[in-house]
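Coordinate inspection notes
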Amino acid sequence: MTPHHTPAPPAPTLTDNLGRTINYVRLAVTDRCNLNCRYCRPKGPCDEPRRELLSYEELERLTRLLVEMGVSKVRITGGEPLVRHGMLDFMRRLQAIDGLHQLALTTNATLLGPRLADLRALNLAGLNISLDTLRPERFAAITGQNLFADVFAVIEEAIFTGIPVKINAVVQEGINTDELLDLARLAADRPIQVRFIEPMPFDGGNSFVAGNWNLARLEQHFREHLPDVREAPTAGATARVLQAAGFKGSIGLIGGYSRCFCATCNKIRITPQGMLKTCLYDDGVLDLKEVLRSGSSDRELAEMIRACLGRRHADGFAAAEQRKKKGLPGSCASMATIGG
Ligand code: SAM
């Protein structure tokens, strides 16, 4: 007799008005940071009172609900996530959520060293570390802290322990553009991806300049100077991935300003203060903190989130246009208040 198997229920899928699958959430768990990167929040700390943040309980409830709705990947970001007390315990709680297949972290690595073993045990899907330069004095000038040696050592240690590491470098014309090849060559003998990010107008109202290093120029630069560069296949990623001959790792290009990946964008964001953003360039489409604290049920919350996805902007240009119509500044909030 053939044994009778009950087929597993199909995994839930969450889609937007344009049929894009949404399976990735970036949770910004704090807007505090111990660095003051010149392209992010050069004016110094923005100390939102603690109570304004979503609590860990609220973040966990939201994550569980989103996973039930179809999300399978969560990235913890900020601000600097590791400045928030209890972060590792929180991440352990998220890792235990059934259906959450990938938990990842973005960090500046300044507080990573003592937590590396715990993070290793968490089996992270990815650890993205910001590093814009290989020169200690430049690191200090860009971030406001003289911590290059510590950060670089911990990056090497993280790679050695086998955590999948990506390096995030923001391309800053005239500041680090003479080191792009040196940064890319980190991937020559390390199994990492070095990702070059176009600067975006989320610099705390500093004085954003897009500069001339867009994705096309970056790609041309690497093709000209690195051996036999080919494009690597990527499945719906928001990075274009290049592979140079003989490299253990790869190079990623992230066109956050060109906004060339919007057609396949699979991610939504939750800001530290609990705004849902369905596009990096929108001004927040749902105040989740208010909804959570008003006693709404999970079902009501899910309906509200679905309704927001039902009117998601086609791309980051449309979202920015909408901001303009509302009279909001196009360039102002620090990435630390959004979660890059
Ligand atoms: N503190 C963590 C870190 O340093 O990686 C996580 C938060 S940080 C806001 C996340 C990412 O956003 C970093 O890789 C950072 O380089 C990037 N970022 C910040 N401001 C940016 C801007 N104006 N344009 C492009 N990328 C930016």
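Just above, that's the structure.
Residue numbers run consecutively from 1 along every chain, following the written order of its sequence. With pLDDT at 70 or above as the cut-off, local features in this predicted model cover only qualifying residues; side-chain atom pairs require 80 or more to be listed or tallied, and sums for whole chains, interfaces and linings still use all residues. To obtain the side-chain values, all non-hydrogen atoms of the structure were included, while hydrogens and water were left out.

**Points about the overall build of the protein**
In terms of helices and strands, the protein carries 10 helices and 12 strands. Here the C-alpha radius of gyration of the protein, 20 Å, is about what a compact globule of 340 residues would show, namely 20 Å. Principal-axis analysis of the C-alpha atoms places the extent of the protein at approximately 65 × 55 × 40 Å. Summarising the internal contacts of the protein: among those between residues at least 6 apart in sequence, 71% fall at separations of at least 24. Residue exposure ignores everything except the shown protein chains as possible cover, and the areas themselves are Shrake-Rupley values with a 1.4 Å probe. Carbon together with sulfur atoms contributes 52% to the accessible area of the protein, which is approximately 15,500 Å² in total. Elements are defined by DSSP. Helices are runs of H or I of four residues or more, strands are runs of E of two residues or more, and each kind is numbered from the N terminus. Both definitions apply: the radius of gyration is a C-alpha atom measure, and the globule rule equals 2.2 Å times residues to the power 0.38. The criterion used for residue contact is that any of the two residues' heavy atoms lie within 4.5 Å.

**Describing the packing of helix 1 (residues 56–69) against helix 2 (residues 87–95)**
The description of two helices packed together rests on the angle between their axes and the distance between the axes. To get an axis, fit a line to the C-alpha atoms, keeping to the stretch in contact for a helix; angles then go from 0 to 180 degrees between the N-to-C directions. As a packed pair, helix 1 and helix 2 sit with axes 10 Å apart at the nearest point and diverge in direction by 25°. The orientation of helix 1 relative to helix 2 falls into the category roughly parallel. Once helix 1 is placed against helix 2, the crossing between them reads as right-handed. Facing helix 1, whose interface residues are Tyr56, Glu57, Leu59, Glu60 and Thr63, helix 2 presents Met87, Phe90, Arg93 and Leu94. The nonpolar class holds Ala, Val, Leu, Ile, Met, Phe, Trp, Tyr, Cys and Pro. Asp, Glu, Lys and Arg form the charged class, and all remaining residues, Gly among them, are polar. The residue inventory of the contact of helix 1 with helix 2, partitioned by class, reads 5 nonpolar, 1 polar and 3 charged. For classification, angles of less than 35 degrees are called roughly parallel, those exceeding 145 degrees roughly antiparallel, those between 65 and 115 degrees roughly perpendicular, and all remaining angles oblique. Left-handed is the label given to a crossing in which the near helix is rotated counterclockwise from the far helix by less than a right angle, and right-handed is the label when the rotation is clockwise.

**Looking at helix 5 (residues 148–161)**
Given a rise of 1.5 Å per residue, 14 residues ought to cover 20 Å, and the 20 Å separating the end C-alpha atoms of helix 5 matches this to within 8%. Exposure categories follow from relative accessible area, calculated using a 1.4 Å probe and restricted to protein chains: below 20% of the type maximum is buried, above 50% is exposed, and the middle band is partly exposed. Among all positions in helix 5, only Phe148, Val151, Phe152, Val154, Ile155, Ala158 and Ile159 are buried. For helix 5, the buried positions fall inside an angular range of 165° around the axis, keeping them on one side. Away from its buried face, by an angle of more than 90 degrees, helix 5 presents the exposed residues Ala149, Asp150 and Phe160. Buried-residue contacts for helix 5 involve helix 3 (116–121), strand 4 (126–130), helix 4 (136–143) and strand 5 (165–170). Phi turns positive one or two residues past the end of helix 5, at Gly162, with a value near 95°. Expected span, for any helix, means 1.5 Å times one less than how many residues it has. Here the arc refers to the set of directions running from the helix axis out to each C-beta atom.

**Looking at the sheet that holds strand 11 (residues 275–277)**
By definition, two strands form a pair when at least two bridges between them are found by DSSP. With mixed pairing, 12 strands are arranged side by side in an open sheet as 7-8-9-6-5-4-3-2-1-10-11-12. In the strand order of this sheet, the two ends are held by strand 7 (230–232) and strand 12 (286–287), each with one partner. Note that strand 3 (residues 102–107) and strand 4 share 4 bridges and pair parallel. Its bridge partner lying in strand 4, Ala104 is registered against Gly126.

**Some remarks on the site of the ligand**
Residues are classed as near a molecule or strand on a simple rule: at least one heavy atom within 4 Å of it. Within the structure, the ligand sits among 19 residues, and Tyr39, Gly79, Glu80, Ser130 and Met200 are positioned closest to it. At 3.2 Å, a side-chain N or O of Asn168 approaches an oxygen atom of the ligand. A distance of 3.3 Å separates a nitrogen atom of the ligand from a polar atom in the backbone of Phe202. Protein burial of the ligand: of its 550 Å² of free accessible surface, 95% is covered by the chains. Mapped by element, the contributors of at least two residues to the shell around the ligand are strand 3 and strand 5. Its residues assigned to classes, the shell around the ligand shows 8 nonpolar, 9 polar and 2 charged. Side-chain atoms alone can form a polar contact between residues adjacent in sequence; in general such a contact is a pair of N or O atoms within 3.5 Å, and within protein one must be able to donate a hydrogen while the other accepts it.

**So, the pattern of salt bridges**
When the charged atoms of two side chains lie near each other, side chains of opposite charge can form a pair. Each reported salt bridge corresponds to a side-chain nitrogen of Lys or Arg within 4 Å of a carboxyl oxygen of Asp or Glu. By the definition in use, this model includes 23 salt bridges. Close ionic contact of Arg185 with Asp182 constitutes a salt bridge, the shortest N to O distance being 3.7 Å. The residue Arg190 makes a salt bridge to Asp189 at a minimum N-O spacing of 3.2 Å. With relative accessibility at 17%, the residue Arg190 sits in the buried group.

**Concerning the nonpolar core**
Formed by 81 residues in total, the largest nonpolar core has its most connected members in Leu27, Ile76, Phe196, Phe222 and Ile305. Dropping the residues within four chain positions of it, Ile305 is found in contact with Leu65, Leu66, Met69, Leu276, Leu286 and Leu288. In this description, a nonpolar core means a group of buried Ala, Val, Leu, Ile, Met, Phe, Trp, Tyr and Cys residues linked to one another through side-chain atoms lying within 4.5 Å. If you look at the next biggest cluster of nonpolar residues, it comprises 18 residues, including Ile142, Cys279, Tyr281 and Met335.

**Topic: the packing of helix 1 against helix 9 (residues 298–309)**
Put simply, helix 1 and helix 9 touch, their axes get as near as 11 Å, and they point 65° apart. As summarised for this structure, helix 1 and helix 9 are arranged roughly perpendicular, according to the angle between their axes. At the point where helix 1 passes helix 9, the crossing takes the right-handed sense. Where helix 1 approaches helix 9, its residues Arg61, Leu62, Leu65, Leu66 and Met69 are matched on the opposing element by Asp298, Leu301, Ala302, Ile305 and Arg306. Among the residues making up the contact of helix 1 with helix 9, the classes are represented as 7 nonpolar, no polar and 3 charged.

**Quick notes on empty space enclosed by the protein**
A 1.4 Å probe that fits into a set of points on a 1 Å grid over the protein atoms alone but cannot get out defines a cavity; an open set with protein on both sides within 12 Å along at least five of seven lines defines a pocket, and lining residues are those with an atom within 4 Å of a point. Grid points are joined across faces, edges and corners, and a volume is the space filled by probe spheres set on the points. Summed over the entire model, instances satisfying the criterion amount to 2 cavities of 30 Å³ or more. As a volume, the largest cavity reaches approximately 60 Å³. Lining the largest cavity are Leu35, Cys37, Tyr39, Asn108, Ser130, Leu131, Asp132, Thr133, Phe139, Ile142 and Thr143. If one sorts the elements of the lining of the largest cavity by residue count, helix 4 sits on top with 3 residues. Class assignment of the residues belonging to the lining of the largest cavity gives a composition of 6 nonpolar, 4 polar and 1 charged. The volume enclosed by the second largest cavity comes to roughly 30 Å³. Leu131, Phe152, Ile155, Glu156, Ile159, Ile167, Leu186, Arg190 and Ile192 together form the lining of the second largest cavity. Looking at the lining of the second largest cavity residue by residue, the classes come out as 7 nonpolar, no polar and 2 charged.

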